[in-house]
Amino acid sequence: MASVSMTVNGRAVSGEVEGRTLLVHYLREHLGLTGTHVGCDTSQCGACVVHVDGKAVKSCTMLAAQASGSTIVTIEGLADGADLHPVQAAFKENHGLQCGFCTPGMIMAATDMIRRHPEGLDEKTVRAELEGNICRCTGYHNIVKAILAASEAMAKGGKAKAA
Amino acid sequence: MYSVNYHRATSVADAASKAKGEAKYLAGGMTLIPTMKQRLAQPGDVIDLMHIGELKGIKVEGKVVTIGAGTTHAEVAASAAIKAVCPALCHLASHIGDPHVRHRGTIGGSIANNDPAADYPAAMLALDATIATNKRKIPAGDFFTGLFETALEEGEIVTAVTFVAPDKAGYEKFPNPASRYAMTGVFVVLDGGSVRAAVTGAGETGVFRSVEIENALAGKFEASALDAVTVPADGLMSDMHASADYRANLVKVMAKRAVGRAKG
């Protein structure tokens, strides 16, 4: 067993986990934060993307123990109360989802992507940056539209939240 | 995943002292953890190297580049200091895996794993880098010894890589459409009139230098100098993705593109 403590969506949490417990399982099964999804189990699909110390990572490819001491943000931590994060709002506005299973990972990847490109994004860059996120519905067109819209909205509104 | 005990190392010496029996070092974990999830590896203990300050960081002094083993692909890709002297390495790092993988995966982990389709081994071999460990310094030419095999001894830890930035360098790969690993990748270097070209993703025994490419480019460092070159298919991999003959042709095509990138 390993003792872990971390800050998840602004809340300090701690507990005992098995050494093999993946971060995504700690989030889902220990903390009840089931917004983070497990899509492929082979580290390819990106449905499990969360932010660890401000960077997008695949939470299915990191042990919970590795994340001990870190600050984590999951999809549940993006909205400000009832106000959706600009990326969430853009996905809703542009219908950037079909079945919705990949959406949490897409949105966490998108917020990270927008943070890393303060100069703005174009379609080619967004598509290249989505390399690690798979949408089995193949709904990429509206996902790309949503990310471009969010990037613009956040640049205008100065709301480039370092989520 | 099978049961495993997690240990966090605070220094290189601490990590080495914890390495016993079937223990494995864990860097970014971008290969080891998926492998453990598939139950293809079952270390009893993993020793986390990611919290060791002395393994982090990039230092560029003149043309001498030193990269700590714990430096992530994203950090190399974004390094203005490396970009100023060897932009080809930043280009290579920015095309490993995907953004999330680049946030975790490290240069030390990549070369210690020596996946035959990984990108960094080609750069290390072509740049004639020196791999520093907690015990010694190993020239890249002696470090990569076969498929997933290196000169590292039991318990030895890669601490840094060092190379002298060459006059020109370029890297191009033909990524597998699914995994994005290199089906063939070529890193070319021109330095003081001498040429080195290392090939990843193609060799049956891992990364290697292509004599044919190097000889052709030594006369004239131009893509057109490779037009008449035939790369032998002997010793190249054949698998469901590509035959040895196809890969032999890819070596030539990727080398031409790499030269174009080095000159561009």
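Conventions and cut-offs
- Residues numbered from 1 in each chain as written.
- Chains lettered and ligands numbered in written order.
- Predicted model: local features only at pLDDT ≥ 70, side-chain atom pairs only at ≥ 80, totals over all residues.
- Heavy atoms only, no water.
- Salt bridge = Lys/Arg side-chain N within 4 Å of Asp/Glu carboxyl O.
- Helix = DSSP H or I, 4+ residues; strand = E, 2+ residues; numbered from the N terminus.
- Buried < 20%, exposed > 50% of the residue type's maximum accessible area, 1.4 Å probe, protein only.
- Domains from an automatic or database assignment.
- Contact = heavy atoms within 4.5 Å.
- Buried area = accessible area lost by both parts, 1.4 Å probe.
- Polar contact = N/O pair within 3.5 Å; in protein donor to acceptor, adjacent residues only side chain to side chain.
- Core = buried A, V, L, I, M, F, W, Y, C linked by side-chain atoms within 4.5 Å.
- Pairing = 2+ DSSP bridges.
- Axes fitted to C-alpha atoms, helices over the stretch in contact; angles between N-to-C directions.
- Parallel < 35°, antiparallel > 145°, perpendicular 65-115°, else oblique.
- Left-handed = near helix turned anticlockwise from the far one by under 90°.
- Nonpolar A, V, L, I, M, F, W, Y, C, P; charged D, E, K, R; others polar.
- Disulfide = S-S within 2.5 Å.

(A) Seen up close, the pattern of salt bridges. Scanning the model with the defined rule gives 19 salt bridges over all chains in all. Ionic pairing is found between Lys37 of chain B and Asp41 of chain A, a salt bridge with its closest N-O pair at 3.8 Å. One end of the pair, Lys37 of chain B, is in helix H2 (residues 32-37); the other, Asp41 of chain A, is in the loop between helix H1 (23-30) and strand S3 (49-52), on a second chain. Owing to a relative accessible area of 13%, Lys37 of chain B belongs among the buried residues under this scheme. In this structure, Lys63 of chain B and Asp167 of chain B form a salt bridge, with 3.6 Å as the shortest nitrogen-oxygen distance. In this pair, Lys63 of chain B is assigned in the loop between strand S4 (58-61) and strand S5 (64-68) and Asp167 of chain B in the loop between strand S10 (158-164) and strand S11 (168-175), connecting sequence segments 104 residues apart. On the basis of relative accessibility, which here comes to 42%, the residue Lys63 of chain B falls in the partly exposed class.

(B) Structural context of the domain arrangement of chain B. Residues and elements named next belong to chain B. Taken domain by domain, chain B consists of domain 1 (5-48), domain 2 (53-164) and domain 3 (168-263). Taken together, the 9 residues of domain 1 in the interface contact 13 residues of domain 2. In total, about 860 Å² of surface goes out of reach between domain 1 and domain 2, with carbon and sulfur atoms giving 68% of it. When the buried area of domain 1 at its contact with domain 2 is split by residue, Val12, Tyr25 and Met30 rank highest and sum to 55% of it. Across the domain 1-domain 2 interface, the total number found is 0 salt bridges. Per-element accounting of the side of domain 1 that touches domain 2 gives the leading share, 3 residues, to helix H1 (residues 12-18).

(C) Summary view of the interface of chain B and chain A. If you look at the interface, chain B gives 27 residues, while chain A gives 28 residues. The contact between chain B and chain A buries some 2200 Å² in all, and 56% of this surface belongs to carbon and sulfur atoms. When the area that chain B buries against chain A is broken down by residue, the three leading residues are Lys37, His100 and His103 of chain B, summing to 30%. Between the two partners, chain B and chain A, sit 3 salt bridges. Remark: the boundary between chain B and chain A carries 10 residue pairs in polar contact (both at pLDDT 80 or more).

(D) Highlighting the nonpolar core. Residues Ile67, Leu89, Ile111, Tyr120, Met124 and Phe187 of chain B are the most contacted members of the largest nonpolar core, which totals 47 residues. In terms of residue count, helix H8 (residues 120-126) of chain B provides more of this core than any other element does, 6 residues in total.

(E) Expanded view of the environment of Ala165 of chain B. Residues and elements named next belong to chain B. Looking at where Ala165 falls in the secondary structure, it is placed in the loop between S10 and S11. Remark: the alpha-carbon pair of Ala165 and Asp191, spanning 26 residues in sequence, is separated by 8.6 Å. Apart from residues no more than four positions distant in its own chain, Ala165 is found in contact with Lys63, Val85, Cys86 and Asp191.

(F) Quick peek at the sheet that holds strand S4 (residues 55-58) of chain A. Residues and elements named next belong to chain A. If you trace the 5 strands from one edge of the open sheet to the other, you get S2-S1-S5-S3-S4, paired in mixed fashion. The two strands at the open ends of the sheet, each matched to only one other strand, are strand S2 (11-17) and S4. Between one strand axis and the next, the sheet turns by 40° as a mean value, whatever way the strands run. As paired strands, strand S1 (residues 2-8) and strand S5 (residues 71-73) are joined by 2 bridges and run parallel to one another. By the bridge assignment, Val8 is partnered in S5 with Ile72. Sheet contacts for H1: S1, S2, S3 and S5; angle to S2, the most-contacted strand, approximately 105°. Against the sheet, helix H3 (residues 103-116) touches S3, S4 and S5, its axis set at about 40° to S3.

(G) Expanded view of the packing of helix H2 (residues 86-93) of chain A against H3 of chain A. Residue and element names in this part refer to chain A. Across the interface, H2 lies against H3 with an axial gap of 9 Å and an inter-helix angle of 125°. Compared by their axis directions, H2 and H3 come out oblique. H3 is crossed by H2, and the crossing has right-handed handedness. Contacts between H2 and H3 involve Val87, Gln88 and Phe91 on the former and, on the latter, Thr103, Met106, Ile107, Ala110, Thr111 and Ile114. Partitioned by chemical class, the residues of the contact of H2 with H3 number 6 nonpolar, 3 polar and no charged.

(H) Spotlight on the state of the cysteines. Within this structure, the stated rule accounts for 0 disulfides over all chains. Among the cysteines around Cys45 of chain A, which has no disulfide bond, Cys40 of chain A carries the closest sulfur, lying 3.8 Å off. The thiol sulfur of Cys86 of chain B is not disulfide-bonded, and the nearest other cysteine sulfur, from Cys90 of chain B, lies at 7.4 Å. Classification of Cys86 of chain B as buried rests on a relative accessible area of 1%.

(I) Summary view of the sheet that holds strand S7 (residues 137-139) of chain B. All names here are of chain B. Pairing in this open sheet of 5 strands is antiparallel, and the strands run S4-S5-S10-S6-S7 from one edge to the other. Sheet topology places S4 and S7 at the edges, where each strand pairs with a single neighbour. If you compare each strand with its neighbour and ignore which way they point, the axes differ by 20° on average. Bridge count between strand S6 (residues 130-133) and S10: 4 bridges; the pairing is antiparallel. Of the residues in S10, the one forming a bridge with Ala132 is Ala160.

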